[in-house]
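Structural characterization, general
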Amino acid sequence: MPQSPSRRKFLRAAAASGLVPISAYASADNAAQLVLPTATKDVTPFKVQVPQAALDDLKKRLANARWPERETVTDWSQGVPLAKAQALVEYWRTHYDWRRLESSLNALPQFRTQIDGLGIYFIHVRSKHERALPVILTHGWPGSVLEFLQAIAPLVDPTAHGGRAEDAFHVVIPSLPGFGFSDKPTEPGWRLPRIAIAWAQLMERLGYGRYAAQGGDWGAGVTSWMAKQKPPGLIAVHLNLPLLFPPPPPPPGGYTAEEQAAVAQLVKFSTDGSAYAAIQGTRPQTLGYGLADSPVGQAMWIYEKFQGWSDNKGDPAEAISVDRMLDIITLYWLTNTAASSARLYYESFRKDFGRMPLELPVAVSIFKGDMFTPPKVWGERTYSKLFYWNEAPKGGHFAALEQPELFVAELRKSLAQLS
């Protein structure tokens, strides 16, 4: 039944107040559209309730997918193999349960608040241990806040997960602008330095006068910029996949064997793995049309990165379960954030995502299955207060998602040195 003008007016007013679940915002003309409530400077509780019409529309699109011919190779070198793509989509259409994830999210304290004119979504779980260290965790692309879900309970309640009370953290996990349930920027300028300032404002708004920050991938970029800006209260940062590159000039006698191996990884990425970044960094809008229209296209754009960047021997499910991969893929689809998330590359990949000498205390955990594993000597030449460096024996780019126990252990061991 079409909505009356008065009903539409009421829903808009209710949305602004934050009183209506997001499922109520679906218009009669486009019931599959997910619309977020308007954020204010208040820290407003938030619940996820995706309209059933959006899930039905997804299954219909999956059932009507048009497929290309199979690849002419026998591996992933041309991208996701057709058989793997069709198997993932069939499972997505017939077995995957979004409501399971929705229930898990809604069991956590979730919020939205407006910072610098943009609505920011975040999870905020306080520990029962009042002396816990607050930490803000930042995801990357094609990740999301979902990467950290398995790490939350051990971080906030260590005594129930093999740790000590002094290992406890208060955990804050925001979605980057244009990702997940955060608002999408409508004008240029949301670069890494601006996000770093917003994160510091978020921690101040939550009442934290002393805290640490952690991140990998784009999260490492945001966290590094926070360290560079030195906002009041930030005492140290922890990075996985830190922004480390060969410091100029080359050392006398050339690079060591370990350095040469890292340089080779960078060359391989440049020649064989960076096309996605070039597209997202130059034409995110054009890319967005195809990914916003096709869930299969959106899925494969991300699924290939799960295979290429996680610690596996050929099958990404060896590192990340199919359901957890589809959780992240489905979040991108339902929030229609293919273009808005890609736009971060346009904003910052060439300007803000590079080697950055830091003077704040820095801890680094290298997960050996990542696609790039810089040597410690680069960290020593870049971070004047490098106080922790460790190489985890397994786990890849999506460290907290692939190896949540190792990720938690690294955070505990490194940041414990600050007390």
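Everything below is about the structure printed above this text.
The notes below deal with the structure included here. Owing to the predicted nature of the structure, the values given are computational and were not obtained by experimental measurement. The written sequence of each chain sets the order in which its residues are numbered from 1. For this predicted model, a pLDDT threshold of at least 70 governs which residues receive local features, and a threshold of 80 or more governs which side-chain atom pairs are given and counted, while totals over whole chains, interfaces and linings are taken from all residues. The side-chain values count all of the structure's non-hydrogen atoms but skip hydrogen atoms and water molecules.

**So, the packing of aromatic side chains**
We call Phe, Tyr and Trp rings a pair once their centres come within 6.5 Å, taking the six-membered ring for Trp, and we label the pair stacked below 30 degrees between planes, edge-to-face above 60, and tilted otherwise. Under the counting rule described, the total for this entry stands at 21 aromatic pairs. A centroid spacing of 6.2 Å and a plane angle of 75° characterise the contact between Phe 179 and Tyr 332, whose relative ring orientation is edge-to-face. Here Phe 179 is found in the loop between strand E5 (169–174) and helix H6 (192–205), whereas its partner Tyr 332 is found in helix H12 (residues 322–335), with 153 residues between them in sequence. Residue class for Phe 179 comes out buried when judged on its relative accessible area of 2%. Ring pairing ties together the aromatic residues Trp 141, Trp 218, Phe 269, Tyr 276, Phe 306, Trp 309, Tyr 345, Phe 349, Phe 353 and Phe 398, which thus form one cluster. Numbered from the N terminus, helices here are DSSP runs of H or I no shorter than four residues, and strands are runs of E no shorter than two. Per-residue accessibility, obtained with a 1.4 Å probe over protein chains only, is compared with the maximum for each type, and a residue is labelled buried under 20%, exposed over 50%, and partly exposed between these values.

**Focus: the sheet that holds strand E6 (residues 211–216)**
Strands in a sheet are paired, the pairing made by backbone hydrogen bonds, and the direction either parallel or antiparallel. DSSP calls a pair of strands paired once it identifies at least 2 bridges connecting them. Sheet architecture is open: nine strands sit in the order E1-E2-E3-E5-E4-E6-E7-E8-E9, paired in mixed fashion. A strand with exactly one partner marks an edge of an open sheet, and here the two such strands are strand E1 (44–45) and strand E9 (386–392). One ladder, built from six bridges, connects strand E8 (residues 362–367) with E9; its direction is parallel. The residue of E9 that forms the bridge with Ile 366 is Glu 391. The contact rule is simple, with two residues in contact once any of their heavy atoms fall within 4.5 Å. Under this scheme, a helix contributes an axis fitted over its contacting stretch, all axes are lines through C-alpha atoms, and angles between N-to-C directions fall in the 0 to 180 degree range. On top of the sheet, helix H16 (residues 404–415) reaches strand E4 (133–138), E5, E6, strand E7 (234–240), E8 and E9; it is set at about 155° to E9, its chief contact.

**So, the packing of helix H9 (residues 275–282) against helix H11 (residues 295–309)**
Running from amino to carboxyl end, H9 crosses H11 at an angle of 140°, the nearest separation of the two axes being 12 Å. Put simply, H9 runs oblique to H11. Note on packing geometry: the crossing formed by H9 with H11 is left-handed. Residues Tyr 276, Ile 279 and Gln 280 of H9 touch H11, and the partners they reach there are Trp 301, Lys 305 and Trp 309. For the contact of H9 with H11, the per-class residue count stands at four nonpolar, one polar and one charged. The scheme is simple: roughly parallel for angles under 35 degrees, roughly antiparallel for over 145, roughly perpendicular for 65 to 115, oblique for anything else. For any pair of crossing helices, the crossing counts as left-handed if the nearer helix is rotated counterclockwise from the farther one by less than a right angle, and right-handed if it is rotated clockwise. Asp, Glu, Lys and Arg are counted as charged, while Ala, Val, Leu, Ile, Met, Phe, Trp, Tyr, Cys and Pro are counted as nonpolar; the rest, among them Gly, fall into the polar class.

**What about the side chain of Glu 347?**
Note that Glu 347 resides in helix H13 (residues 338–348). Counted as positive: Lys and Arg. Counted as negative: Asp and Glu, with His and the chain ends omitted from the count. A side-chain nitrogen of Lys or Arg and a carboxyl oxygen of Asp or Glu constitute a salt bridge if their distance falls within 4 Å. There is no salt bridge for the buried Glu 347, and the closest opposite charge comes from Lys 351, which lies 5.3 Å off by N-O distance. Other than its neighbours up to four places away in sequence, Glu 347 contacts Glu 187, Pro 188, Gly 189, Trp 190, Arg 191 and Asp 352.

**Side note on the pairing of E8**
Burial of E8 is extensive: six of the six residues sit out of reach of the surface. Every second residue of E8 is oriented toward a common face, with Val 362, Val 364 and Ile 366 on one face and Ala 363, Ser 365 and Phe 367 on the other, all of them buried. By the criterion used throughout, a crossover qualifies as right-handed when its path from the first strand across the helix to the second strand runs clockwise, the strands pointing away from the viewer. The handedness of the E8 to E9 crossover, carried by helix H14 (residues 376–382), is right-handed.

**Here's the deal with the pattern of salt bridges**
The tally for this structure, following the rule as stated, stands at 20 salt bridges. Of the charged contacts, one joins Arg 194 and Asp 116 as a salt bridge, the two residues approaching to 2.6 Å between their closest N and O atoms. Of this pair, Arg 194 sits in helix H6 while Asp 116 sits in the loop between strand E2 (110–115) and strand E3 (118–125), and the two are 78 residues apart along the sequence. Residue Glu 130 is joined to Arg 126 by a salt bridge in which the shortest nitrogen-to-oxygen separation is 3.0 Å. By relative accessible area, Glu 130 is classed as exposed at 58%. Overlapping salt bridges, with partners in common, bring together Asp 57, Arg 61 and Asp 293 in one network.

**Observations concerning the side chain of Ser 175**
With respect to the helices and strands, Ser 175 occurs in the loop between E5 and H6. When near neighbours in sequence (up to four residues on either side) are disregarded, Ser 175 contacts Ile 120, Tyr 121, His 139, Val 145, Gly 180, Phe 181, Ser 182 and Trp 199.

**Some details on the packing of helix H3 (residues 82–94) against H11**
For the pair H3 and H11, interaxial distance at closest approach is 11 Å and the crossing angle is 120°. One finds that H3 runs oblique with respect to H11. As H3 packs across H11, the resulting crossing turns out to be right-handed. Mapping the contact onto sequence places Lys 84, Ala 85, Leu 88, Val 89 and Trp 92 in H3 and Pro 295, Val 296, Ala 299, Met 300 and Tyr 303 in H11. Tallied by class, residues from the contact of H3 with H11 come to nine nonpolar, no polar and one charged.

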